[in-house]
Every structure is written in C-alpha cells, then in structure tokens.
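Chain residues, written in single-letter form:
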Amino acid sequence: MHSGARVCHELVHTHAHQERQCGHGRGHQQQRPGALHPQQKIFDLKPRYFLNSASRPLWFTVEHTPVLILGGIPEEKVILVSDTNFKDYSLVELSIDSCWVGSFYCPQSNFTATIYDTIALESTLFIRQNQLVYYFTGNYSTLLEKNHSSERWVRVLADECIKKLCPEFFPSNGSEYIMAITTGKQEGYLYLGTITDGRVSFQMLPKQRPVCVVLQGTQAAANCSIIWSLYISSDRKLLMLVEEPQPTKKKFSLVTYELDTDVLSIFYIIPEFIPDARGLQFLMFLGSESYTTTLMDPKGLFYNPYNHLLFIWGNFLLQSHSNENFIYLADFPKELTIKYLVNSYRGDIAVVTENEEIWYLVEGTYRLYKLFPSRGWDVLISLNAMKMSSLYTQNETMVTLFYEDNRLYQLMFLMNKQQQSKLVKRVVPVEKLLMYQQVNNQRTLVQQAQLGAQPTLSFKNLCPFSVMRIRDLPNPQIYTRQERYQALPPRVLERSGFHNKNSLAVYQGLVYYLLWLHSRYHKPYADPVHDSTWRWWKNKKQDQHYYFYLASNWRTKANAHLDMSSYEKIYNLKPKYELPERIFLDKGTSYTFSLFLTHAGEFIKSDLQFGYSSKLQSEVGLGVVLADPKCIDVTVKEQVLINRNSVFFWITLSDKSVCFDQGISGHHLLKTSMVVRVVDSAGYCFQDTKLGPRMQGNLMVPVFIGCPPGKRLAFDITYTLGYNRLMNKHYYNCVKVDPEMPCFLFRDVFYPFFLIQDLVTGDSGSFQGSYVLKVVGGGPSMEEVRDYSEEEIFRFNSPQDKTNSLIWTTKNTTTEDMAFNIRSHQSPGISWLCQENSPCHDTIPNSIFSPEFYFRLLVSNKGVDKSTYCDYQLTFVLHVHGLPLSPKRAFFILMVSASVFISLVVLYIIVLLLMPFMVMGCSKIRWKINNLIASESFYSSYISSSGDFIRSKARGNVNTKIMPKMSVLMRV
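Procedures and definitions
Residues numbered from 1 in each chain as written. Predicted model: local features only at pLDDT ≥ 70, side-chain atom pairs only at ≥ 80, totals over all residues. Heavy atoms only, no water. Phe/Tyr/Trp six-rings, centres within 6.5 Å; stacked < 30°, edge-to-face > 60°. Helix = DSSP H or I, 4+ residues; strand = E, 2+ residues; numbered from the N terminus. Buried < 20%, exposed > 50% of the residue type's maximum accessible area, 1.4 Å probe, protein only. Lys NZ or Arg CZ within 6 Å of the ring centre and 35° of its normal. Salt bridge = Lys/Arg side-chain N within 4 Å of Asp/Glu carboxyl O. Pairing = 2+ DSSP bridges. Axes fitted to C-alpha atoms, helices over the stretch in contact; angles between N-to-C directions. 1 Å grid on protein atoms, 1.4 Å probe; cavity = no way out; pocket = protein on both sides within 12 Å on 5 of 7 lines; lining within 4 Å. Points joined across faces, edges and corners; volume = space filled by probe spheres on them. Nonpolar A, V, L, I, M, F, W, Y, C, P; charged D, E, K, R; others polar. Core = buried A, V, L, I, M, F, W, Y, C linked by side-chain atoms within 4.5 Å.

Identification of the chain as Cation channel sperm-associated auxiliary subunit gamma isoform X3 from Erinaceus europaeus is taken from an unreviewed UniProt entry.

K.L.:
What am I meant to see in the packing of aromatic side chains here?
P.N.:
Each aromatic ring pair is described using two quantities: the centre-to-centre distance and the angle formed by the ring planes. What the rule picks out here adds up to 48 aromatic pairs. For the pair F136 and W153, a centre-to-centre distance of 5.3 Å together with 45 degrees between the ring planes defines the contact as tilted. Here W153 lies in strand β14 (residues 153-156) and F136 lies in strand β13 (residues 132-137), a separation of 17 residues in the sequence. As far as burial versus exposure is concerned, F136 and W153 are alike and both buried. Ring plane angle 90 degrees and centroid distance 5.4 Å describe the contact between F170 and Y306, whose orientation is recorded as edge-to-face. Separated by 136 residues along the polypeptide, F170 in the loop between β15 (161-167) and β16 (176-183) and Y306 in the loop between β26 (300-304) and β27 (309-313) bring together distant segments of the chain. In terms of burial, F170 and Y306 fall into one category: buried. Joined through ring pairs, the aromatic side chains of F169, F170, F302, Y306, Y345, F584 and F704 make up one cluster. When the ring centre of Y409 is taken as origin, the NZ or CZ atom of K425, which lies over that ring, is 4.6 Å away. The ring of F596 carries R471 above its face, with NZ or CZ at 4.6 Å from the centroid.

K.L.:
Quick question: what am I supposed to make of the pattern of salt bridges here?
P.N.:
Once the charged atoms of two side chains with opposite charge are near each other, the side chains can pair. For the coordinates displayed, the defined rule picks out 21 salt bridges. The shortest N-O distance in the salt bridge between E356 and K339 comes to 2.6 Å. Of this pair, E356 sits in the loop between β31 (348-353) and β32 (358-362) while K339 is found in strand β30 (residues 338-343), placing the two residues 17 residues apart along the sequence. Residue E356 shares its accessibility class with K339, and that shared class is buried. The closest approach of N and O atoms between E483 and K569, which form a salt bridge, is 2.6 Å. Of the two residues, E483 is situated in the loop between α6 (477-480) and β40 (484-487) and K569 in strand β43 (residues 567-570); the sequence distance between them amounts to 86 residues. On the accessibility criterion, K569 (8% relative accessible area) is buried.

K.L.:
Help me out: how do you make sense of the sheet that holds β27 in this one?
P.N.:
The strands that make up a sheet pair up through hydrogen bonds in the backbone, lying either parallel or antiparallel. Spatially, β24-β29-β28-β27-β26 is the arrangement adopted by the five strands of the open sheet, whose pairing is antiparallel. Bordering the open sheet on either side are β24 (282-284) and β26, each of which pairs with just one other strand. Each adjacent strand pair in this sheet contributes to an overall mean axis angle of 25 degrees, direction not counted. Sheet topology places strand β28 (residues 317-320) next to strand β29 (residues 326-329); three bridges connect them, and they run antiparallel. Considered in β29, the bridge of L318 is made with Y328.

K.L.:
How should I be thinking about empty space enclosed by the protein in this particular structure?
P.N.:
Taking a probe equal in size to a water molecule and rolling it over the atoms shows the remaining empty space. This structure, assessed with the given rule, holds two cavities of 30 Å³ or more. Reported here for the largest cavity is a volume of approximately 60 Å³. Forming the boundary of the largest cavity are N724, N728, H730, Y731, F744, L745, D748, V749 and F750. For the lining of the largest cavity, the elements supplying multiple residues, two or more each, are α10 (717-728) and β56 (743-745). Looking at the lining of the largest cavity, its residues break down into five nonpolar, three polar and one charged. Of the voids in this model, the second largest cavity is the one considered here, and its volume is about 30 Å³. For the second largest cavity, the full set of lining residues is P752, F753, F754, S766, F767, Y771, S824 and H825.

K.L.:
Sorry if this is basic, but what is going on with the nonpolar core here?
P.N.:
A general tendency of soluble globular proteins is for nonpolar side chains to be buried together. F126, M240, L254 and I312 are the most contacted members of the largest nonpolar core, which has 85 residues in total. Ranked by residue count, the leading element in this core is strand β19 (residues 225-232), at six residues.

Listed below in structure tokens is the structure:
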C-alpha cells in the first residue's frame, strides 16, 4: 500500500443511526479538528457498556484536574465524563474520525471503535482511538454541548502511528506533560507533549537517534520497542521501558534520556527470570540470587516524585528507593500479571491485576495484602448483605479504581435481580478488610500453667502499641499555605426564614466578588491590613451598627442583612491532631511535633547494673525515612515514661539550606517527603474514628522545599514616610495630594523600606535581606511612563556608568560584577541625581508648580540575598516632585524673566517722566472735546425748536379747515 494512502472504515453507531466516514488526501495529515458531526449525550446506561468488561486506569493530573474522563467502553466511541469525581457522571458519544492509519510503515491490527488511554489534564483532555490521538480544550459545558463540542476535539500527530499514551501525574513549571509512544516507521521514538495554558505542542525524542541504538551500540537502528515511558520533570529526563527481541528470548531494559544534554544511557537491565525468594518477603538483587523458570514480563513503570520510589510491574513487582538497587517483592504471585497501579501519594498503593484482583501495599514496606478476593472481602459482603446495602450486588463489575482524599474508591457497575443497572462510587474499606483478615492470624493456643489444664484460645494483638497520639502541632496554615475565608450567607428577613432566589443571588454575587478580590490583590503599596476584604468594608464599618438596627427592625430594603464581620480572612486556624496534608519549608525553617505511643502490656525494659536502673529501653521502634536526606534533616528525641507505660518522641524536620537556589513564590518547588513509621505496624494497627477505622503507625507527609506560596514583597509606604520625615526634618507632599501615591521631594534623601507580607498567616514584617534597586521605567506623567531597555537600565542605575546618565546614587556595596548597588534595610538613603543624559534631566513643568517625574522601580533580591529561597520581585511607581531645571533652561528662564522685569521698569520710568505732558495733553484734548460737544448741542437744540414752531402752525390751519365741514354735516 502507498505510504500516503489511508484505510478508512465506516462505522455505524447504534445511538446516532448515522454513517461516519473519515476524510482522505494529504490535507488530513496535518493538525485538524475532528469530524463535525453532532455529538450527543447518552442517557441510557446499557449493560453491554460495562458488564463483564475489563477495568481501566483513571489517569489525571493530581489535585489539578477539574474533569475526569474514562474510556474503554467496548466497541463504542463513548467516554464517561464527570466533574464531581463520579458522584454523578455523563456518557458522551464522540463524533470523531474512524480512520486507520494503515500503510507499509504502520502495523495493521484489529480495528475497534473503543477509546483507550483517556487522560484528563487541568486544561486539556486527551484520548486515543486505534492509532489516532485527539485532544479537547474548553470547558465542561462545551464538552457536553451537541453542536459545538465535536469541533473542539483536535487531532494531533496525524502522520504518526501512536500505540500508547503515557501520563505524567504532576505539573511542573506551569506546564503539564504527556507522552505518546509511536510504532511503525518511528519505532524507538516517542513524542513528549507539553501543555501550557491550553496550548499543546509535541517534540519527538530522542532528537538525534532512536532508543534502539544505545542497546546495540551502533548507529544503525535496531529492532526494539518502547513499552512505557516516564517523564521526571525535576531532572528533565525520560525513563523508558524498552523491549529488545532476541532470537530465543526477549530482553527488557530501562533507558534514560537527558533532555538538556541529549544523552541516552542504559539505566538498568531487567533480569530474564523471576528470582526465587525462598520464603522471604523481599529479595534484593545482589548478583548471587537464584531464579525460577518463569520469565519476567514487564508491562509498565511507576514513579512517585515525593519519595522517589520507582516501580517496575508486570508479572512481578520491583521496587527501588535509590533508582540504583531494586528489590523484588515476593508476596505478589508470579502467576498473576499487573494491569495498572493506583497511588494515593500519601504512602498507599493499590494494585489491579489482569483478572481484576486488588492488592494493597504500604510504600516503603515489603508485604502485599490481597484485598479482593479474600476472606476479609467475604466478611464485608456478608455484613453488607445483612444490612441490605444497595452498594453491593451479586452481579457487579469494577469499572476503575482510584484514590480520592487518601481513600480508595471503586467505580462499580451494578445490576440487581430486576435487571436494573447503575454506576455507583463506593469506598474500598482497606482498614476493615485488613482487620477482618487479622482474625485468622491472631489465634494462638496458650497452655495453662496448671497441671492438666486445657489449652485456651487467645487472640494476640499484632500491633506494637495500643494508642498513638500526635501532639504539639503548630498552626497548620504556615506550613500548608492554604488561604481560608469566612463567607456566611446573608440573614433572610422573612417570616419563614428560608432563602429565596434574591438572597441566594446576593450570596453568590458576594462570594464571586470575594474571590475576585482575592485574585486581584497585588497592590505594590502595602495596606495597613493586607487582607482582600479590608478595602471592601473599610468605608462602611462605621455604619455597621446602623445597618444592624435596620435589620433588627425589619427595615432592610432587600429583605436580607449582611454582617460585615462574617466576611473575613481566617488566620488562626488550629490543628486537628493530625499531620498536615503537605509541608512547605523555606530556607532554614523547620517543622516540629511530638508522637505519644502507649501500650496496654509491658513493653518497657531496663538494663540493671548493681541494682540500679541504668537505661530504659522501649520495645517500640520508631523510624523516620527521608526521601532526600541531603536536603532535609530530622532529629528524634525519645523519652520513656514508666508510670504511663508510654514513649514520647519529639520529632523536628528541618531544611539544610543546600538543595535549592531561589524561585518565585509557589513555583519551581523541590518535591520530597518524610515518612514516620512505627516498626511492624504496617497493616496491623488501626484507630476507630467517626468515619470508621483508620490505619496507624505509618505517617507520610509530602514536603516542598522552596519559596512557599502566598509570600510577597511590598513597599512599606507608612514606615517610609515616617522615617523620611524623621531623617529629613520635614516632608513636603505634592500640591495635588494622592492618598494612594504620596510624593517625595527631589532634594531630600530617599529612604525606602519594604515589607514581607504573608497572605496566608497574616504576618507582616520588615524585609531584612539584601536587594538590588533599579529604575526600569519612568515618565513626566503616569500616561507617559515607559519601560527602559536593558542598556538604558544599566546606564541609569550602574555605578560603572561613564555616560553621565545616572538617575540616583548611594553609598553601598555592589554586586559581584560591580554592575549594581546592593542595598538592605540598614543602607544609607538614596540621593537623586538626574544627570544630563538621564530621562528625568531638564523636565519641563506642566504648570506653574515645580517639575514632577514618575519613576518605575524594580526591587529584587535574586542572587544577592542568602537568607531565603524566595525570589522577591516588586515593581512600583514612585512620584518625585521638585526636580531642578537644567542650567541652560534655568539661565534662559532667568534671562527672559530679567528682560521682562527690566522692560517693565523702563516702561514705568518712561511713564513717570512723560506723565505731566501726558496729563496736560489729555486736558487740552478734553477741553476741545467738551467745546465741540457744547457747540453741537446748541445747534441741535436751535434746529429742534424751530421745527416745532413750524409744525404747530401748520397743524392750526388744518384744524380750521376741518371744523366747517363737520358743521355742515351736522346740519344735514
């Protein structure tokens, strides 16, 4: 078949009742969206979807995935979608291509519509059908839409034959990762996918040569295949399980690939046969062990980034603590084959086999416990049948197995006797199952001391202690770095007291606004209270009692009352007598707690010398396992309490200040862990709680080394203003006062101070470390502020500048390259220069007031502060007024001012000298004007009087003529 040809199959869906075809031609070999047929949500849960089908792994990014997806439904392009961890779910049929990338370079195999290898990331969903890979980017509502969701499924790696997708369960440096293993023409390569903010990109690795080359030692490509791959983001390396066929056998190896150096190397060669443990629980490979005749058949890899445990699994289980020496766990039977592993990342591992058996392992130990099927499971089923529980039926199928909140859950397909089916999420009670199995192992026959007495049945407590208490715990927020808010619903002013749509809408809006304030709180100028809710109520607190009065008298307009004190940030959260979920350690910090163990029997012994107790020893052993002993240290102090038959351990975990440089708050953290384990307690010690029994004796805590989240650097404007007023003996603000940005006078020495604000605990203190201050931007107004280039930043701030461009100067030490000044809270003040070639030189004032300039300052402690792991960076704008003018402009203004003044003086003198003559002339002119006005008025009055006399005479003649006529008319 031609390499560009594609074999396409027509698939008729029983739900859609329509034929779907794939496209042809070269245009489909690029990245393109899936078929644009409508995708529909399936409401009918048919038994053939899950009944008697094999379970499948649930892969997702731990603690970051908002939506979970699950495929594996036989011969259906349907996925199971849930945003509630399968408390509820949706079945969605995907209308994607049904193409088969078949050619002479792509191996042929059975075609199926089943979707495999579903992986849910924080921003993207990935699926594989046959050898095609699709991803979806959007939101949950769009995923369920009928008309638009199919357009969001994008096909990638269209020219490649993908046989498997491998997940990476943890994000790193703001990105998520996925691996696509190829087959066919690209055998021996894989694609590393990087997902950043929803943008997907793939890179083929290794870059220069396939993995097979390192196995053969030649440049020619060998016949090998990658079975599984892991990406260890902290080391930026790939760990690949490679199969190399031999004439009579198969050879399996672990191969590492360094992304930064492009180096391939053989990490470990897996033995050909399963070793013979000879009754031992575990066996370390030292080269002298004997082997059985059963071949090792590895299927996959698993790596825990917290404790650095590496597992190789197949029809065996190998465990490595140091990634160098491997230990064979002999409790797992070689007749079974592992299908997938599930890890809680808190010290628990669940193993699912090909025949759906469930095994349990405590990480760091060597004994495996069979949970299903087992005697303990039979007891559990019997007890739930007596309770008539709806979570257990005789006809059930496990869909998947996963951990949530450190508890093991099953997603089960149940069918009752009435042939009614449903999907349920139920807890796997690991502790109960282990307790039920212990009953069979605790029975012992005790021979009585009396002669002829019969042996009695006794149950031995296999747990080395009876009570375990964790005490002296510090407040958890400083170590867990979880910010907490209190947001109570409004009080409803209705007779019924029930909430309505209006009150619920008000509450939803308040919570949304609170979250918006939380996300937007990044003020460079430190508030008196660094709480996002402080500015919400600060202007209304004085009227709090008035609003309460209105609500008490039912006079609130919205029929709902908000208590301002019920919306606040919580800083004083108390511990709950258990270790925190995680611990963040900054440079040189420590975490301390105590462990109190009590036993009902005698478990304390003493060494007696000459009748005196010289040393007290406890039968209880405590061990602390550190994943990175080079980075963290632990000290354990033991105290035996004879009168209480107890042992008290004081444990301190501290950072060694050697394994981390500097990083942004909450980023680039080093993952490690601490395990506190009581010897011989794994699987035997339990504590009764409200939620049921809980395993004791094995405490695993993830530890993050680096800059903890929630810490930031802020400009301490309050203390800066007070100290500057004290040192300069005065303070002059701008004429137009801005309360958010006070001004500083140019000729005064500037003394800046900064705060370290802990947004989690509410602590705030002066920054005591070293830092570098730079002017990185500026302008004569806020609208004209611009960022400077790297060259300009050097010229404006460096003491080495020779171009007469410095903006400021001080008496400080400098960095190693002598480029910039190093400052601290004890450093002398800053003197403003604004030299000739600086941007603030010769600033033209915009008004009659003195010139102003806005400096954008960058404060960073990176590379100069050795007291913390935090790379603090703060950028803020400083308003400076009273800038001096340049000499040329000042001389010009002086000359212009002097000229104007002299001109005015000369004009004044001239006016004084010419004033008498001007007055005399003005008098003459006024006399003449008055004469002209008088003569003109006389002439005009004479003319007007003459005209009046003539008009009156003419009016008399007319009247005499009219009167006779009127008399004649009267007579008629």
